[in-house]
Each structure stands twice: as structure tokens, then as C-alpha cells.
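A closer look at the structure
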Amino acid sequence: MQITDLNEWLYMDEVMRSFKKDDMYFCEFGITYIHPDDVIALSHRKVLRQQKLDRLKEAYKRRGEWYDDPADPIALLLLPDGRFGIRHGNHRIYLAKKQNITKVRALVDIFIPKSLIPIELQNHIQSCEQEIATLKRNMKNIDHLLKAQPLSNESLVIERKLLKTAYNKQVQKLNDRLLEEATKLQLIPIKL
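Residues numbered from 1 in each chain as written. Predicted model: local features only at pLDDT ≥ 70, side-chain atom pairs only at ≥ 80, totals over all residues. Heavy atoms only, no water.

1. What about unusual backbone geometry?
Despite not being glycine, Lys 46 has its phi angle at roughly 60°, a positive value. Here Lys 46 lies in the loop between strand S3 (39-42) and helix H2 (50-63). Despite not being glycine, Asn 100 has its phi angle at roughly 55°, a positive value. With respect to the helices, strands and loops of the structure, Asn 100 is situated in the loop between helix H3 (90-98) and strand S6 (104-113). (Helix = DSSP H or I, 4+ residues; strand = E, 2+ residues; numbered from the N terminus.)

Pasting the structure below:
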């Protein structure tokens, strides 16, 4: 199988060009099954390599079935129009499309343009992001202290664990709120 149809693909930099870095939010949807035909954008130009594609195609032939490696999931970004761009797994999606595979397992993140989010929620998100950044900075400071001390300081280790727990909770809380908003805005296709 020769790579000949690259003009049918978009690239993530083209797709995201109209948005500034601070004009977007992302949240994790999780692992789901998607139809490869819903994927429109490769992660970047010149990402596909014929040798890797041939190796994957041969492995597909030997197994006689499509195989998604749970340890190395395809990672996609769900765009506001319901289609996907590839973050990781370009060759597998390309091959799945060529082989007319109807579903592949993928880790999906959702892209939400900031312009769709009400200002009061934007303010709440900014507050959560600041708290997350503070917790991360505090963990980093403790990590530096622990590295500098030849013997482990038990109180610092406990404080680090507490900060990590608070950090994880805050990240999950923010993700859940963004996922809720993406659902409310109908950015998640029913088929997911």
C-alpha cells in the first residue's frame, strides 16, 4: 500500500490555526471506539512513513484482525464539528481507513473553543487552573527539598503526598466540569 492520498487529509496545525493557545480548553473524554472515517487530520506533515505502514499492514494480515494495543492507545482530539484530529497513532488510523475497519479504540480528548464557554465559567476555570498551578509548583518545591536532603524527610514526603492528592482531585474536578460543559454544548457526538 503506497501513501498516495495525503491531499485528502488536513493537518492539526491547519485545523488549530484559527485558535490562539489561550482561546481553547481541553478535557479528557477517555477511551472509546470511533469510526476511522471520522478522522480528518494527521498530527503533522510528513508523519507517515512507508516502512512503518508496511510493517503494520503485515502484522494486520498475520493476525487476520484489527488489534489496538491498550498499552499504546491511539490518541485523538475531538473537534467542535464532531470529527477527529490525530495526536498519536497516525499510521494505525491511516491503515484502518485503507482496510475499511469500522471501529478502532482510541483515547479521546475534547477541544472546546473558549468562545463557547460563558464568561462566569471561564472565570471559574481560570481560578481552578491557578490552584492547579500553585499545587504543582508546591510539589516541585518539595521535590527539590527532598533531592537536596541525603535522608528522606518524612514530613515532607507526607506533605508531597497530600499535595499530589489535592492536585489530582482539582485536575479531575476541572476535567469533569469541562466535560459537563462539552456535553451541554452538544460537542460530543451521540455515537461516543
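2. Overview of the confidence of the model for the protein chain
Looking at the protein chain as a whole, its pLDDT mean stands at 91, while 98% of the residues score no less than 70. Here H2 is the element of the protein chain with the lowest mean pLDDT, 89, and strand S4 (residues 74-78) is the one with the highest, 97. (pLDDT = per-residue confidence, 0-100.)

3. Quick notes on the packing of H2 against H3
The interhelical angle for the contact between H2 and H3, taken along N-to-C directions, is 55°, at an axis separation of 10 Å. Considering their axes alone, H2 and H3 lie oblique with respect to each other. Where H2 crosses over H3, the handedness of that crossing is right-handed. Where H2 abuts H3, its residues Lys 52, Leu 53, Leu 56, Lys 57 and Tyr 60 lie against His 91, Arg 92, Tyr 94 and Leu 95. Across the contact of H2 with H3, the residue classes tally to five nonpolar, one polar and three charged. (Axes fitted to C-alpha atoms, helices over the stretch in contact; angles between N-to-C directions. Parallel < 35°, antiparallel > 145°, perpendicular 65-115°, else oblique. Left-handed = near helix turned anticlockwise from the far one by under 90°. Contact = heavy atoms within 4.5 Å. Nonpolar A, V, L, I, M, F, W, Y, C, P; charged D, E, K, R; others polar.)

4. Considerations on the sheet that holds S4
By definition, the strands of a sheet pair up through backbone hydrogen bonds, in either a parallel or an antiparallel sense. Read across the sheet, six strands follow the order S1-S3-S5-S4-S6-S2 without closing on themselves; strand pairing throughout is mixed. In this open sheet, the two strands that pair with only one neighbour each are strand S1 (10-11) and strand S2 (24-34). In this structure, S2 lies alongside S6, joined through 10 bridges in antiparallel fashion. Counted as the bridge partner of Met 24 is Pro 113 from S6. The strands touched by H3 within the sheet are S2, S3, S4, strand S5 (84-88) and S6, with S5 carrying the most contacts at an inclination of about 135°. Those strands touched by helix H5 (residues 154-184) are S2 and S6, and its axis lies near 80° from that of S2. (Pairing = 2+ DSSP bridges.)

5. Observations concerning the environment of Trp 9
With respect to the secondary-structure elements, Trp 9 resides in the segment before S1. Taking the C-alpha atoms as reference points, Trp 9 and Ser 43, separated by 34 residues in sequence, lie 10 Å from one another.

6. Points about the nonpolar core
In terms of nonpolar packing, the biggest core is built from 43 residues, with Ile 34, Val 39, Leu 76, Ile 93, Val 104 and Ile 112 touching the most fellow members. Of the residues forming this core, the biggest block, seven residues, is contributed by helix H4 (residues 119-148). Those residues in contact with Ile 112 that lie beyond four places of it in its chain are Met 24, Tyr 25, Cys 27, Ile 117, Leu 178, Ala 182, Leu 185 and Leu 187. Met 24, Ile 40, Ala 41 and Leu 79 belong to the second largest nonpolar core, which has eight residues in total. (Core = buried A, V, L, I, M, F, W, Y, C linked by side-chain atoms within 4.5 Å. Buried < 20%, exposed > 50% of the residue type's maximum accessible area, 1.4 Å probe, protein only.)

7. Some details on the side chain of Arg 92
Topologically, Arg 92 is positioned in helix H3. Judged by relative accessible area, which is 12%, Arg 92 ranks as buried. In this structure the side chain of Arg 92 is engaged in a polar contact, spanning 3.5 Å, whose partner is the side chain of His 88. Setting aside chain neighbours within four positions, we find Arg 92 in contact with Leu 56, Trp 66, Asp 72, Pro 73 and Ile 74. (Polar contact = N/O pair within 3.5 Å; in protein donor to acceptor, adjacent residues only side chain to side chain.)

8. Re the pairing of S5
Inspection of the sheet shows S3 paired to S5 by two bridges, in the parallel sense. Opposite Val 39, over in S5, you have Phe 84 as the bridge partner. Judged from the four bridges that link them, S4 and S5 form a sheet pairing that is antiparallel. By the bridge assignment, Leu 77 is partnered in S5 with Gly 85.

9. Concerning the environment of Leu 146
In this fold, Leu 146 is placed in helix H4. Residue class for Leu 146 comes out partly exposed when judged on its relative accessible area of 22%. Taking the C-alpha atoms as reference points, Leu 146 and Val 157, 11 residues apart in sequence, are found 7.9 Å from one another.

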